[in-house]
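# What the coordinates show
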Amino acid sequence: MSASLQPPLALLAEVTHRCPMRCVYCSNPLVLEPRSAELDTATWCRVLDEAAALGCLHVHFSGGEPTARGDLPKLVAQASAAGLYVNLITSGVMLDAGTLAPLVAAGLEHVQISFQDIEPIAGEWIGGLKGAHARKLSAAALVADAGLALTVNFVVHRHNASRVAEMIELGRSMRAGRIEVAHVQYYGWGLRNRASLLPTREQLDRVTAVVEAARERLRGCLVIDYVIPDYWARLPKACMGGWGRRFILIDPAGRALPCHAATTIPGLSFDSVRDRSLSEIWTQSPAFQRFRGTAWMSEPCASCERREIDWGGCRCQALALAGDAAATDPVCWKSPRHDALAGLAASESSMQQASLVYRGSPA
């Protein structure tokens, strides 16, 4: 590994695309990997050992719904034995006492549960699963009772933006140590449903004010993370900490990716952990090197004082909005497409459309 290339901070292990929920903002690919294509237990165990050897500190078991895999306790035990901090990112709807106990025994340390609303019917409309809200509340209580660190993620959009204050209070009542108030990010199914989900600028400003007030009021008691919708920003985010710089993601079929949506970029070939070690992929894969660092940049990114802060913004968003993954992210005010993006955001967020396209389930 070159002196300038650091090991990834975390491995995002998407162990399956199977999920009983059908969230209309799901960032997974529109075409999901079937169960038959998933990596087997032995391969995942090898990858977890390689991640620790490479220098990863964390593993985030995700999906789909990771608890759909019966071998998840074995994977957690393997990660824990390798010295990785083990986090489970879950919808919570399959997490009961019988599911949680073996995960705790295996070394699980942190759980993040997503909520679609504080109101059951509204949340289940977005998540596409009846009865989900009550199961999530039960799962959160089990996690807190087990003494695990708990993060509660509230997904915010046009239809629930007025209830963010109540979301924060619900998170506190669930004994969460961290609450993430995260506006929908427009990839995958979220992009398909953007016209039905994107909040107005006025809604965003009100949510921001609520979050800032809660942060001040609860300082020292609760951590509140806040993620805004890029479409209303003037500066792009350093997506995943910069392409191929801080995270490595393995999809259910074993492809190693710099981010969730990287497979949407044409012309990139992604190595599989079935064929190459994690270290080889991290240091040598052309796909990871394609947008790593700053050499790939053109103006205005190439000479921008923020080029090693936001790393040009999100490559997948640049593709979706500008038609070119190498373009300046249109979120940036310096992009020649920024005004067009602002117009799109104003237009779509004011639509009355509420018809949603639901994520399907893999075979």
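The structure displayed is predicted, hence computed values, not measured ones.

Quick notes on the rules
- Residues numbered from 1 in each chain as written.
- Predicted model: local features only at pLDDT ≥ 70, side-chain atom pairs only at ≥ 80, totals over all residues.
- Heavy atoms only, no water.
- Helix = DSSP H or I, 4+ residues; strand = E, 2+ residues; numbered from the N terminus.
- Buried < 20%, exposed > 50% of the residue type's maximum accessible area, 1.4 Å probe, protein only.
- Lys, Arg positive; Asp, Glu negative; His and termini not counted.
- Salt bridge = Lys/Arg side-chain N within 4 Å of Asp/Glu carboxyl O.
- Polar contact = N/O pair within 3.5 Å; in protein donor to acceptor, adjacent residues only side chain to side chain.
- Contact = heavy atoms within 4.5 Å.
- Expected span 1.5 Å × (residues − 1).
- Arc of directions from axis to C-beta.
- Core = buried A, V, L, I, M, F, W, Y, C linked by side-chain atoms within 4.5 Å.
- Phe/Tyr/Trp six-rings, centres within 6.5 Å; stacked < 30°, edge-to-face > 60°.
- Pairing = 2+ DSSP bridges.
- Right-handed = clockwise from strand over helix to strand, strands pointing away.
- Axes fitted to C-alpha atoms, helices over the stretch in contact; angles between N-to-C directions.

### With respect to the side chain of lysine 136
- Considering the arrangement of structural elements, one finds lysine 136 in helix 5 (residues 132–145).
- The side chain of lysine 136 is buried and forms no salt bridge, while glutamate 65, the nearest opposite charge, is found at 7.2 Å.
- Only 3.3 Å separates the side chain of lysine 136 from the side chain of glutamine 116, close enough to count as a polar contact.
- For lysine 136, the contacting residues outside a window of four places in its chain are Met21, Ser91, Val93, Ile113, Ser114, Phe115 and Gln116.

### What about helix 9 (residues 201–217)?
- Here helix 9 contains 17 residues, and its C-alpha end-to-end distance of 24 Å stays within 8% of the 24 Å for a straight helix at 1.5 Å per residue.
- Taken residue by residue, helix 9 has Gln203, Leu204, Val207, Val211 and Ala214 as its buried positions. All buried residues of helix 9 lie within an arc of 95° about the axis, which places them on one face of the element. Exposed positions of helix 9 whose direction lies more than 90 degrees from the buried face are Arg206, Glu212, Glu216 and Arg217.

### Section: unusual backbone geometry
- Here the bond from glycine 63 into glycine 64 is cis, since omega is 15°, no more than 30 degrees from zero.
- Residue placement: glycine 64 occurs in the loop between strand 2 (58–62) and helix 2 (72–81).
- Of the consecutive residues glutamate 299 and proline 300, the connecting peptide bond is found in the cis state with omega at 10°.
- Here proline 300 lies in the loop between helix 11 (286–289) and helix 12 (315–322).
- One non-glycine residue, arginine 175, lies in positive phi territory at about 65°.
- Its place among the elements puts arginine 175 in the loop between helix 6 (164–173) and strand 6 (178–183).
- Positioned with a positive phi, methionine 240 is a non-glycine residue whose angle comes to about 55°.
- Mapped onto the secondary structure, methionine 240 falls in the loop between strand 7 (223–227) and strand 8 (247–250).

### A word on the nonpolar core
- Grouped together as the largest cluster of nonpolar side chains are 83 residues, with contacts concentrated most on Leu11, Val59, Phe61, Leu108, Val181, Ile248 and Ile250.
- At 6 residues, the largest contribution of residues to this core is made by helix 1 (residues 41–54).
- Setting aside residues no more than four positions away along its own chain, leucine 108 makes contact with Val76, Val86, Asn87, Leu88, Leu100, Leu103 and Leu148.
- Of all hydrophobic cores here, the second largest spans 21 residues; its members include Tyr187, Ala262, Ile265 and Cys316.

### Some points on the packing of aromatic side chains
- Within this structure, the stated rule accounts for 5 aromatic pairs.
- Ring plane angle 85° and centroid distance 5.2 Å describe the contact between tryptophan 243 and phenylalanine 291, whose orientation is recorded as edge-to-face. Taken together, the residues tryptophan 243 in the loop between strand 7 and strand 8 and phenylalanine 291 in the loop between helix 11 and helix 12 connect sequence positions 48 residues apart.
- The class for phenylalanine 291 is buried, based on a relative accessible area of 4%.

### Some points on the pairing of strand 1 (residues 10–14)
- Of all 5 residues that make up strand 1, 5 are buried, and the element is covered over most of its length.
- As paired strands, strand 1 and strand 2 are joined by 5 bridges and run parallel to one another. Note on strand 2: the bridge partner recorded for glutamate 14 is serine 62.
- Once you follow strand 1 into helix 1 and on to strand 2, the crossover reads as right-handed.
- As judged from the 4 bridges shared by strand 1 and strand 8, these two strands associate in the parallel manner. Bridging from a neighbouring strand, leucine 12 pairs with leucine 249 of strand 8.

### Here we look at the environment of leucine 137
- Examined against the element boundaries, leucine 137 turns out to sit in helix 5.
- Residues leucine 137 and methionine 174 lie 37 residues apart in sequence; the distance between their C-alpha atoms is 7.7 Å.

### Looking at the side chain of asparagine 87
- With respect to the element layout, asparagine 87 can be found in strand 3 (residues 85–90).
- Polar side-chain contacts of asparagine 87 include one of 2.5 Å to the side chain of histidine 110.
- Among all residues touching asparagine 87, those that are not within four sequence positions of it are Val59, His60, Phe61, Leu108, His110, Val111 and Gln112.

### Topic: the sheet that holds strand 7
- Reading across from one edge, 7-6-5-4-3-2-1-8-9 is the order of the 9 strands in this open sheet, with mixed pairing throughout. The two strands at the open ends of the sheet, each matched to only one other strand, are strand 7 and strand 9 (256–257).
- Each of strand 4 (110–115) and strand 5 (149–156) touches helix 5; the most contacted strand, strand 4, lies at about 160° to it.
- Contacting strand 6 and strand 7, helix 9 runs over the sheet at an angle of about 160° to strand 7.

### Notes on the pattern of salt bridges
- All chains considered together, the criterion is met by 18 salt bridges.
- Put simply, arginine 18 and glutamate 38 hold a salt bridge, and the shortest N to O gap is 3.0 Å. With a gap of 20 residues between them, arginine 18 in the loop between strand 1 and helix 1 and glutamate 38 in the loop between strand 1 and helix 1 connect regions that are remote in the sequence.
- The class for arginine 18 is buried, based on a relative accessible area of 14%.
- Arginine 276 is the partner of aspartate 271 in a salt bridge, and the nearest nitrogen-oxygen pair spans 3.1 Å.
- Judged by relative accessible area, arginine 276 falls into the partly exposed class, the value being 22%.
- Several salt bridges share partner residues, and in doing so they unite Arg18, Glu38, Arg69 and Asp71 into one network.

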